[in-house]
Amino acid sequence: MNITAKTKICMVIGDPIDHSLSPKMHNAGYIALSIESDYIYVACHVKVADIKQFIDGIRAMNIHGVSLTIPHKIAVMPYLDKIDEVAQKIGAVNTIVNENGMLTGYNTDWQGILIPLEKMTDLSGKSVAVLGAGGAARAAVYALSTKKARVSIFNRTIEKAANLANDFGGEAFSLDELERIKQMDIIINTTSVGLKNINESLVPLEYINKHQIVFDAVYGNETQLIHFAKSKSAKTITGLEMLLYQGAEQFSLFTGYSAPVIDMKNALL
Ligand code: ATR
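K.L.:
Got a minute to help me understand the pattern of salt bridges in this structure?
P.N.:
Taken as a whole, this structure holds eight salt bridges when the rule is applied. Between Asp 56 and Lys 52 there is a salt bridge, with its nearest N and O atoms 3.2 Å apart. Here Asp 56 and its partner Lys 52 are both found in helix H2 (residues 51–61), four residues apart, which amounts to about one turn of the helix. By relative accessible area, Asp 56 is classed as partly exposed at 37%. A residue is classified by how much of its surface remains accessible, and Lys 52, at 40% relative accessible area, is partly exposed.

Structure, rendered in structure tokens:
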């Protein structure tokens, strides 16, 4: 380790933060590119009530880059100097870059969804079910709208699904109509079902078939939804891949280098 007074500090903040894998992933990337004396990445537990003081701290300590996770992605927005156009559209910021005291907010979550999907299929014309209508769903529907996919949004609160469809296109449904996903090419779960209880899935086994791609944005071990999908021989994308690709885009924003994705992935596994 060769940390000096010139080493740039990057960090992830959240509440809770103890289980974040981002420090492992980013530091592995710095080592892979031999820039580990130029950058270091740590994690800080910051409560949402303290977000303004944290932003003052970024300026005071000249922290170089920040990744944001729950519950900061919206709360941070009023305190930044500039918000990139896509982050503005999505309505959430998961990345802050400090350039000479100018703090700019970006969103890379949508790339975390788009990149692994595009590695598997051409999205144009594909029917895609997005489950949920929160921040992660907004990033997903925005991503899909850039590729001319046909999007159906299913949410417990139908009004939120309708608002999302109104912003980026697509049709809105309540969960009562979830059976429609049987006919769809791709299923993306962005709800928190499966996060607290890994044995819960909003999608029953019988709605999944082997021709589908099933993406669960919930990260952690194998969720029930991913387990169901594998048992039907469907293709799967886990939340770990979303974490990887949103992190890879952040890595480029922080360092200017393209991310060593394989090394970062190995660090996660
Ligand atoms: P995020 O920003 O991570 O997407 P969020 O904004 O809190 O998180 O959104 C959580 C999503 O999970 C919402 O779509 C929520 O549905 P509502 O809009 O009806 O609240 C959905 N969700 C959470 N718990 C759920 C449950 N038990 N059953 C169905 N949907 C659930």
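Still more to cover.
K.L.:
Could you clarify how one ought to interpret the side chain of Gln 250 in this entry?
P.N.:
As for its position among the elements, Gln 250 is in helix H8 (residues 239–255). Excluding residues that lie within four positions of it along the chain, Gln 250 makes contacts with His 26, Ser 67, Asn 94, Thr 95 and Thr 108.

K.L.:
Teacher, can you tell me more about unusual backbone geometry here?
P.N.:
Backbone phi values are negative for most residues with the exception of glycine, while trans is the configuration of most peptide bonds. At the junction of Asp 15 and Pro 16, the peptide bond is cis and its omega measures out at 10 degrees in the coordinates. Its place among the elements puts Pro 16 in the loop between strand S1 (8–14) and helix H1 (22–32). Looking along the chain, the bond that leaves Ile 70 and enters Pro 71 is cis, with omega of 5 degrees. Residues other than glycine seldom take positive phi values, yet Lys 148 does so here, at roughly 60 degrees. Within the secondary structure, Lys 148 sits in the loop between helix H5 (135–145) and strand S8 (150–155). You will see that Ser 233, though not glycine, has its phi angle at about 60 degrees, which is positive. Within the secondary structure, Ser 233 sits in the loop between helix H7 (224–231) and strand S12 (235–237).

K.L.:
Is there a simple way to explain the site of the ligand in this structure?
P.N.:
The ligand sits among 14 residues. The nearest are Ala 133, Asn 155, Arg 156, Thr 157 and Lys 160. In the model, an oxygen atom of the ligand is placed 2.9 Å from a nitrogen or oxygen of the Arg 156 side chain. Within the contact set of the ligand, an oxygen atom lies 2.4 Å away from a side-chain nitrogen or oxygen of Thr 157. Contact with the protein chains hides 67% of the accessible area of the ligand, taken as 650 Å² for the molecule alone. Of the residues assigned to the shell around the ligand, the class counts are five nonpolar, seven polar and two charged.

About the criteria used
- Residues numbered from 1 in each chain as written.
- Predicted model: local features only at pLDDT ≥ 70, side-chain atom pairs only at ≥ 80, totals over all residues.
- Heavy atoms only, no water.
- Salt bridge = Lys/Arg side-chain N within 4 Å of Asp/Glu carboxyl O.
- Helix = DSSP H or I, 4+ residues; strand = E, 2+ residues; numbered from the N terminus.
- Buried < 20%, exposed > 50% of the residue type's maximum accessible area, 1.4 Å probe, protein only.
- Contact = heavy atoms within 4.5 Å.
- Near = heavy atom within 4 Å.
- Polar contact = N/O pair within 3.5 Å; in protein donor to acceptor, adjacent residues only side chain to side chain.
- Areas by Shrake-Rupley, 256 points an atom, 1.4 Å probe, with all protein chains shown as cover.
- Nonpolar A, V, L, I, M, F, W, Y, C, P; charged D, E, K, R; others polar.

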